[in-house]
Amino acid sequence: MTREARAIVLLSGGLDSAVTLASATHEGYACHALTVDYGQRHRVEIDAARERADIVLDRPPFNVVSMLAREQLRIAFEALDADERVRVIVVRGQGEHFSSGGDIKGFLAATPEKVSQLAWNIAAPARCSKPVIGANRGYCFGVGFEVSLACDFRIVTDTTQY
């Protein structure tokens, strides 16, 4: 008798746990999720019925993107690109702004190796085989602007500032 491979995934609402769930599902595991919200920022939301995934920048009020989040964004795009439930990916900001840019302190403290990976991580939407939509509003500066440019399509509002 063959047993189905099962996995329990702790979902914190952050990118790491969402990517882990997407990867486990893609690898054929029957997944069961435990959900915890402890204030983790940035998240991936998958709506399988609509075949859509949202990557939400959620670090109010300006959705600043940390050095770690840049790498997590790349991993999230790669996982969603492989996820058969998803046909379109939307990148959006929580609240009034898409993103005012990156965390400057983290950039200054980064090793040369990490700095050399920045462009590769942020260009992840451009490498994705699925259409990626950047839903821009409010501030869209620095790394937020770079992510937006890497998307296939950009939707803007009358509040969007580049």
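Located above this text is the structure these notes cover.
All values derive from a computational prediction rather than experimental measurement.

What counts, and at which threshold
- All residue numbers refer to positions counted from 1 along the written sequence of the respective chain.
- Confidence filtering applies because this is a predicted model: local features only for residues at pLDDT of at least 70, side-chain atom pairs given and counted only at 80 or more, and all residues used for totals across whole chains, interfaces and linings.
- Computation of side-chain values: all heavy atoms of the structure, hydrogens and water removed.
- Per-residue accessibility, obtained with a 1.4 Å probe over protein chains only, is compared with the maximum for each type, and a residue is labelled buried under 20%, exposed over 50%, and partly exposed between these values.
- Secondary structure is summarised from DSSP: a helix means a run of H or I of at least four residues, a strand means a run of E of at least two, and numbering begins at the N terminus for each.
- Whether two strands pair depends on DSSP finding at least two bridges between them.
- Any two residues whose heavy atoms approach within 4.5 Å are treated as being in contact.
- Note on geometry: axes are C-alpha line fits, over the in-contact stretch for helices, and angles between N-to-C directions span 0 to 180 degrees.

Moving on: the pairing of strand E6 (residues 132–135). Residues Val132 and Gly134 line the buried face of E6, whereas the alternating positions Ile133 and Ala135 sit on a face that is not buried. Pairing of strand E5 (residues 88–93) with E6, which is carried by 4 bridges, proceeds in the parallel orientation. Residue Val91 lies in a different strand from E6, and its bridge partner there is Gly134. In terms of strand pairing, E6 meets strand E7 (residues 153–155) through 3 bridges, oriented parallel. Residue pairing in the sheet places Ala135 in a bridge with Ile155 of E7.

Turning next to the side chain of Asp83. Mapped onto the secondary structure, Asp83 falls in the loop between helix H2 (67–82) and E5. Judged by relative accessible area, which is 3%, Asp83 ranks as buried. When near neighbours in sequence (up to four residues on either side) are disregarded, Asp83 contacts Ala22, Ile46 and Lys130.

Here we come to the pairing of strand E4 (residues 52–57). By the criterion of burial, E4 is predominantly enclosed, with 5 of the 6 residues buried. Pairing between strand E3 (residues 43–47) and E4: 5 bridges, direction antiparallel. Looking at the pairing, Arg43 lines up with Val56 of E4. Hairpin remark: E3 followed by E4, antiparallel, with 4 residues in the connecting loop; positive phi at Glu51, about 55 degrees. Sheet topology places E4 next to E5; 6 bridges connect them, and they run parallel.

So, on to the sheet that holds E3. An order of E3-E4-E5-E6-E7 is seen for the 5 strands of this open sheet, with the pairing classed as mixed. Both outer strands of the open sheet, E3 and E7, are each paired with one neighbouring strand and no more. Averaged over all neighbouring strand pairs, the angle between strand axes comes to 20 degrees, with direction disregarded.

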